[in-house]
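Summary of the model geometry
Chain residues, written in single-letter form:
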Amino acid sequence: GYLSHEGKELRFDVIGHPSVQNWQFVVICPILELILEQDQGQPVFALIREFAAGSGRWHVALPTGGVDHGETPEEAARRELKEETGLEAQRLVPLLAEGHPGLLELKRARNRGHLFVALGCRRQGPKLSKTQEEEGLSMFRATEGDIWNFLRSGDLLPMSVVAMQLAG
């Protein structure tokens, strides 16, 4: 149980990675290029179409994955970007202050996310092999307008929305 501010014992179902306490993950906002549109550069992003077990449906998200034991969030972001998209970033920019514990994924979750913008993304070398969980993933290019449409339709996963807003 948990204690409220008034000292009362509370009970909640806590959601988190099934086998790890205080699981950390990364969300990467990869900017592929700027295209000219009405004399203004508009970024093009790499998005992932993936199956979300909770909803039982396919959704859209930024590349996302777990921080392995002994790995820093930045190392995990570089690895996940390569695994899920085949891309490498010239520069990763953290969207949270140094030493930040990460954003809580959900109200009743222990999972904490570290968010990054990936600049200068390019295909470099062979794509890393995918885990079983990543097998159905597919990457595609999207503009900011496309991303807003995914948000309106309910297809964009929540932490991707947060990362896009912070990257904005």
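Because the structure is a prediction, the values reported are computed rather than measured.

1. A look at the overall build of the protein chain
What the protein chain contains, in helices and strands, is three helices and 12 strands. Contacts in the protein chain between residues at least 24 apart in sequence constitute 65% of all its contacts with a sequence separation of at least 6. Of the roughly 10,500 Å² that the protein chain leaves accessible, carbon and sulfur atoms contribute 51%.

2. Some remarks on the environment of Gly86
Topologically, Gly86 is positioned in the loop between α1 (73–85) and β7 (87–88). A sequence separation of 36 residues divides Gly86 from Arg122, and the C-alpha atoms of the two residues are 8.2 Å apart.

3. Points about α1
With 13 residues, α1 should cover 18 Å at 1.5 Å per step; its first-to-last C-alpha distance of 18 Å lies within 8% of that length. Gly86, located one to two residues past α1, shows a positive phi value of around 80°.

4. Remarks on the packing of aromatic side chains
A complete count under the given rule lists three aromatic pairs for this structure. Ring plane angle 70° and centroid distance 5.7 Å describe the contact between Phe51 and Trp58, whose orientation is recorded as edge-to-face. The class of Phe51 is partly exposed, set by a relative accessible area of 46%. Here Phe140 and Phe150 contribute two aromatic rings whose centre-to-centre distance is 5.8 Å and whose plane-to-plane angle is 70°, an arrangement assigned as edge-to-face. A residue pair is termed long-range when its members are at least 10 positions apart, and Phe140 in strand β12 (residues 138–143) and Phe150 in helix α2 (residues 144–153) qualify at 10 residues. Considered together, Phe140 and Phe150 belong to a single accessibility category, that of buried residues.

5. With respect to the environment of Lys82
Structurally, Lys82 is set in helix α1. In sequence terms Lys82 and Gly125 are 43 residues apart; their C-alpha atoms lie 9.7 Å from each other.

6. Digging into the nonpolar core
Judged by nonpolar contacts, the single largest core of 19 residues is most densely connected at Val27, Leu47, Leu62 and Ile147. Looking at this core, the elements with two or more residues in it are β3 (24–37), β4 (40–52), β10 (112–119), β12, α2 and α3 (158–167). Not counting the four nearest positions on each side in its chain, Leu47 is found in contact with Val60, Ala61, Leu62, Ser138, Met139, Phe140, Ala142, Ile147 and Phe150. Listed in part, the 15 residues of the second largest apolar core include Ala76, Leu81, Leu92 and Ala118.

Quick notes on the rules
Residues numbered from 1 in each chain as written. Predicted model: local features only at pLDDT ≥ 70, side-chain atom pairs only at ≥ 80, totals over all residues. Heavy atoms only, no water. Helix = DSSP H or I, 4+ residues; strand = E, 2+ residues; numbered from the N terminus. Contact = heavy atoms within 4.5 Å. Areas by Shrake-Rupley, 256 points an atom, 1.4 Å probe, with all protein chains shown as cover. Expected span 1.5 Å × (residues − 1). Phe/Tyr/Trp six-rings, centres within 6.5 Å; stacked < 30°, edge-to-face > 60°. Buried < 20%, exposed > 50% of the residue type's maximum accessible area, 1.4 Å probe, protein only. Core = buried A, V, L, I, M, F, W, Y, C linked by side-chain atoms within 4.5 Å.

By themselves these figures say nothing about function.
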